[in-house]
Amino acid sequence: MKNQRLRMLKRYLRAAIYYGPTRVLGSLLRPTSLAAHLRRLIREDSRPAMNLYPPSFSREDEERFCGDLLGIPLERVREAFKEIDGDFTFSGFLAERYRRFRPDSPVGLHLGRFSVWYVLVRLSRPRVVLETGVHDGLSSALILHAMRRNGSGRLISIDLPSVDLPPQAEGPGWLVEDGLRPRWTLHLGDVRKLLPRLALENSPLDIFLHDSDHSREVQEFEYRTVLPHLGPHGLLVSDDAQADLINEIAGELSLRANFAMGAEPLARFALGGIRLAGGPQGKTRSR
Ligand SMILES: C[S@@+](CC[C@H](N)C(=O)[O-])C[C@H]1O[C@@H](n2cnc3c(N)ncnc32)[C@H](O)[C@@H]1O
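Procedures and definitions
- Residues numbered from 1 in each chain as written.
- Predicted model: local features only at pLDDT ≥ 70, side-chain atom pairs only at ≥ 80, totals over all residues.
- Heavy atoms only, no water.
- 1 Å grid on protein atoms, 1.4 Å probe; cavity = no way out; pocket = protein on both sides within 12 Å on 5 of 7 lines; lining within 4 Å.
- Points joined across faces, edges and corners; volume = space filled by probe spheres on them.
- Helix = DSSP H or I, 4+ residues; strand = E, 2+ residues; numbered from the N terminus.
- Phe/Tyr/Trp six-rings, centres within 6.5 Å; stacked < 30°, edge-to-face > 60°.
- Buried < 20%, exposed > 50% of the residue type's maximum accessible area, 1.4 Å probe, protein only.
- Core = buried A, V, L, I, M, F, W, Y, C linked by side-chain atoms within 4.5 Å.
- Contact = heavy atoms within 4.5 Å.

Draft legend 1. Highlighting empty space enclosed by the protein. The final tally for this structure, using the stated rule, is one cavity of 30 Å³ or more. Estimates place the volume of the largest cavity at around 40 Å³. Taken together, Trp-117, Leu-120, Val-121, Val-129, Ile-143, Ile-207, Leu-209 and Val-237 make up the lining of the largest cavity. When contributions to the lining of the largest cavity are tallied by element, the ones reaching two or more residues are helix H7 (115–124) and strand E4 (205–210). Among the elements that take part in the lining of the largest cavity, H7 stands out by supplying three residues, more than any other.

Right, dumping it as structure tokens:
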């Protein structure tokens, strides 16, 4: 990846501003993480990426994002956020597991902005969700937990087989508890290879969530691949969204794009989304 080195440097700077330089340096200078970070900086190896789950940066923005996207009143959105915020059994299990598996993380696990995925699933009650990018598995766990509460739905996820996972982890999604797994199918491989087949096989999709390689090229490939397979009121949502791309696609469909601020103060947008209006998606280009 061409800009990997620059992006890493920016990320360290952002983290230092957000968490404080001492905390970030303390985490980087541990022997295990130092080697991984040097590999990324010197060899531009993008695999050993530590994923942090920081607190939400703007809950207000997240509420508005969900309300606008689903076209429902903020009171209902707030109720759903309240439900997950107060679910200490669920969040406590994840936080404890994260602490044990990732003792070198500079920050403990927060559901943070990913609570949005829980809220969207609770309120839209999807039958099928397709997700790219699992890593530790917080997004998958939240989606599956919402489905358990709904009593319906299944999740199909894609991730690469090799990422920077803790040594004890069996693979991506190690945060997901056993009780949530019956609704889940995890496919290991590159999205460019797997996504076209999985989108077709599981069509119509109620929600597509992008959270894999955030480059414009891969995001565009994913969005244009899944759009023809989204159901009439399907949601296309993304973490670390490329805002211009989401706007471009929404414009082609004569729809409105929605965004919410992320966890990082320097990020202008982190969450992006479009909700289809009910008609066929004939206006989108396919690649
Ligand atoms: C930001 S993390 C996903 C975070 C995840 N949603 C969570 O809740 O922890 C990005 C993930 O995308 C995966 N990824 C990156 N490029 C990919 C590709 N081309 N195909 C499949 N997965 C990819 C990485 O392996 C990594 O686990």
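Draft legend 2. Fine view of the packing of aromatic side chains. Throughout the structure, instances matching the rule amount to five aromatic pairs. Geometrically, the ring pair formed by Tyr-53 and Tyr-98 is edge-to-face, given 5.7 Å between the ring centres and 75° between the ring planes. Of this pair, Tyr-53 sits in the loop between helix H3 (31–43) and helix H4 (59–70) while Tyr-98 is found in helix H6 (residues 88–101), placing the two residues 45 residues apart along the sequence. Comparing Tyr-53 with Tyr-98, the two get one shared label, buried. Ring-pair connections join several aromatic residues into one group, and the members of that group are Tyr-53, Tyr-98, Phe-101, Phe-114, Trp-117 and Trp-174.

Draft legend 3. Local environment of the nonpolar core. Counting residues in each nonpolar core, the largest one holds 47 residues, and the members touching the most others are Trp-117 and Leu-138. In this structure Trp-117 touches Ser-139, Ile-143, Leu-209, Val-237, Ser-238, Asp-239 and Leu-271, once residues within four positions along its chain are discounted. Leu-198, Phe-208, Phe-221 and Val-226 belong to the second-largest nonpolar core, a separate cluster that totals 29 residues.

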